[in-house]
Amino acid sequence: MLPDSANPLDPFSGGLVGYYADHFVLPLPPGHRFPMGKYRLLRDHLASQPGVQLMEAPAASEGELALAHSPAYIHAVLQGSLPADQQREIGFPWSPAMAERARRSVGATLAAARRALGLHGRAPEGISGNLAGGTHHASADRGGGFCVFNDMAVAARLMQAEFSRAHGMAARLPVAVVDLDVHQGNGTAAIFGGDDSVFTLSMHGERNFPARKVAGDLDIDLPDGCTDGPYLDALDAALHDLDMRFKPGLVLYVAGSDPHEGDRLGRLKISTDGLLARDRRVMDWAWRRRVPLAFGMAGGYGKELATTLAVQVNTWAVALEYRKRWARLAARAATGPVGAAESAA
Ligand SMILES: [Zn+2]
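Residues numbered from 1 in each chain as written. Predicted model: local features only at pLDDT ≥ 70, side-chain atom pairs only at ≥ 80, totals over all residues.

## Points about the nonpolar core
Stage number 1. Counting residues in each nonpolar core, the largest one holds 97 residues, and the members touching the most others are Ala113, Val154, Ala155, Val177, Leu252 and Leu293.
Stage number 2. Counting residues per element, this core draws most heavily on helix H5 (residues 96-117), which supplies 11 residues.
Stage number 3. With residues up to four places along the chain from it excluded, the contact list for Val154 reads Ala60, Glu64, Leu65, Leu67, Ala68, Val106, Leu110 and Phe149. (Core = buried A, V, L, I, M, F, W, Y, C linked by C-beta atoms within 7 Å. Buried ≥ 20, exposed ≤ 12 C-beta atoms within 10 Å, placed from the backbone. Helix = DSSP H or I, 4+ residues; strand = E, 2+ residues; numbered from the N terminus. Contact = placed C-beta atoms within 7 Å.)

Laid out in structure tokens, this is it:
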């Protein structure tokens, strides 16, 4: 944690800000298969990491949610009036706490994206994250697969709106969603179908949930049992493809830990080191292009919760490295001669 005296908005502090909402407890029946405890474990771990500053997530407003979701769906979630089959599809029983938690989880990604991008007169911090989020199975008018609202979709739309407001209505913010959760980002792909201002990349298990995939801009299907070498090769090719086709002003990274070999649901065989290399590739790709990046944890269902936690902790450690680079870049730009910033690699 940064000392209390450190200004959390000071771009030179070097701190990496993460937003949490796990203390809005979502009550689950005994024996429910979702590993809710992982969020608290991650927060407890990050709280003791120098250079990481944790902040409570704000709640996304209904207006913000409506940038990616239909008003009828938002209303039904908040009031608890979803049809039973739709609630079952989400996978959590409804409660007021479920609705509040879902709003906070979106709010965490909104705050992280805003901080990374540096709108409203703030310098870009370059990178910031959500200790949860990455709820990519939610589409405009329904949830699914433990996802209520699609935080990445709302963040893309809201940052585009705020960017245009800040830089003139003709200014556009292209957003790339890089989704490396083991499950395909079907909700995100559905929301942005036909929208060429948001590029959706999903690399996922071909035979995994959802059974019916929704085509995004770039989908990479991986076979069961895929190991580190082919996985990282596929990622390199995907990032190269993205580079050829799209120039984002913001990257939203869905950093699921469920491709891990110890995951109950993943079906792939990616090691902890392999996923660390994955995170570094994505964050380095964004850094080299000086594109701000916000990230969320998405899925992680380790047979041992500790393996999920280890992968997530690594994601934050890599993010902190890049946060420091952004801070050095800002410091050099503020104090050094023109052009000095270019050498801050
Ligand atoms: Zn997943």
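## Looking at the packing of H5 against helix H6 (residues 151-167)
In a pair of packed helices, the angle between the axes and the distance between the axes together describe the arrangement.
Stage number 1. Where H5 contacts H6, the two axes come as close as 9 Å, and the packing angle between them is 40 degrees. As far as their axial angle goes, H6 and H5 are oblique. The crossing of H5 and H6 is right-handed. Judged by residue contacts, Ser105, Val106, Thr109, Leu110, Ala113, Arg114 and Leu117 of H5 engage Asp151, Met152, Val154, Ala155, Leu158 and Met159 from H6.
Stage number 2. Across the contact of H5 with H6, the residue classes tally to nine nonpolar, two polar and two charged. (Axes fitted to C-alpha atoms, helices over the stretch in contact; angles between N-to-C directions. Parallel < 35°, antiparallel > 145°, perpendicular 65-115°, else oblique. Left-handed = near helix turned anticlockwise from the far one by under 90°. Nonpolar A, V, L, I, M, F, W, Y, C, P; charged D, E, K, R; others polar.)

## Re the sheet that holds strand S3 (residues 127-130)
Stage number 1. If you walk across this open sheet you meet the eight strands as S2-S1-S3-S8-S7-S4-S5-S6, and the pairing is parallel. The sheet is open, and its two borders are formed by strand S2 (52-56) and strand S6 (218-222), each paired with just one other strand. Sheet twist, expressed as the average angle between the axes of neighbouring strands with direction ignored, equals 15 degrees.
Stage number 2. In this fold helix H1 (residues 37-47) packs onto strand S1 (16-20) and S2, with an angle of close to 135 degrees to the strand it touches most, S2.
Stage number 3. Against the sheet, helix H10 (residues 305-335) makes contact with S1, S2, S3 and strand S8 (293-296), and its axis sits at roughly 150 degrees relative to S3, the strand it touches most. (Pairing = 2+ DSSP bridges.)

## Regarding the environment of His32
Stage number 1. Here His32 shows up in the loop between S1 and H1.
Stage number 2. Accessibility expressed as a C-beta count within 10 Å gives 13 for His32, which makes it partly exposed.
Stage number 3. Distance in space between the C-alpha atoms of His32 and Trp326 is 41 Å, their sequence separation being 294 residues.

## Brief notes about unusual backbone geometry
Stage number 1. Of the consecutive residues Phe209 and Pro210, the connecting peptide bond is found in the cis state with omega at -5 degrees.
Stage number 2. Considering the arrangement of structural elements, one finds Pro210 in the loop between strand S5 (198-205) and S6.
Stage number 3. One non-glycine residue with positive phi stands out, namely Phe146, at about 70 degrees.
Stage number 4. The class for Phe146 is partly exposed, based on 18 C-beta atoms found within 10 Å.

## Regarding the pairing of S3
Stage number 1. Burial of S3 is two-sided: the residues Ile127 and Gly129 facing one way and the residues Ser128 and Asn130 facing the other way are all buried.
Stage number 2. Here two bridges tie S1 to S3, and the two strands are oriented parallel to one another. Bridging across to S3, Tyr19 finds its partner in Asn130.
Stage number 3. Examined bridge by bridge, S3 and S8 share four bridges and lie parallel to one another. Along S8, the bridge assignment pairs Gly129 with Phe295.

## Let's talk about helix H3 (residues 71-79)
Stage number 1. By the burial criterion, the buried members of H3 are Tyr73, Ile74 and Val77. Around the axis of H3, the buried residues are gathered within 100 degrees of arc, so they sit on the same side. Across from the buried face of H3, at angles greater than 90 degrees, the exposed residues are Pro71, Ala72 and Gln79.
Stage number 2. Two residues or fewer after H3 comes Gly80, characterised by a positive phi angle close to 75 degrees. (Arc of directions from axis to C-beta.)

## Some thoughts on the confidence of the model for the chain
Stage number 1. Averaged over all residues, the pLDDT of the chain is 93; the fraction at 70 or higher stands at 93%.
Stage number 2. In the predicted structure, residues 1-12 sits below a pLDDT of 50 and forms 21 contacts with residues beyond four places in sequence or in another chain.
Stage number 3. Residue range residues 339-345 is modelled with pLDDT below 50. Its contacts to residues more than four positions away, or to other chains, number nine contacts. (pLDDT = per-residue confidence, 0-100.)

## Considering the environment of Leu119
Stage number 1. Within the secondary structure, Leu119 sits in the loop between H5 and S3.
Stage number 2. Judged by local crowding, Leu119 falls into the partly exposed class, with 18 C-beta atoms found within 10 Å.
Stage number 3. Between the alpha carbons of Leu119 and Pro93 there is a distance of 37 Å; along the sequence they are 26 residues apart.
Stage number 4. Non-local contacts of Leu119, meaning those with residues more than four positions away in its chain, are made with Arg114, Glu162, Phe163 and Ala166.

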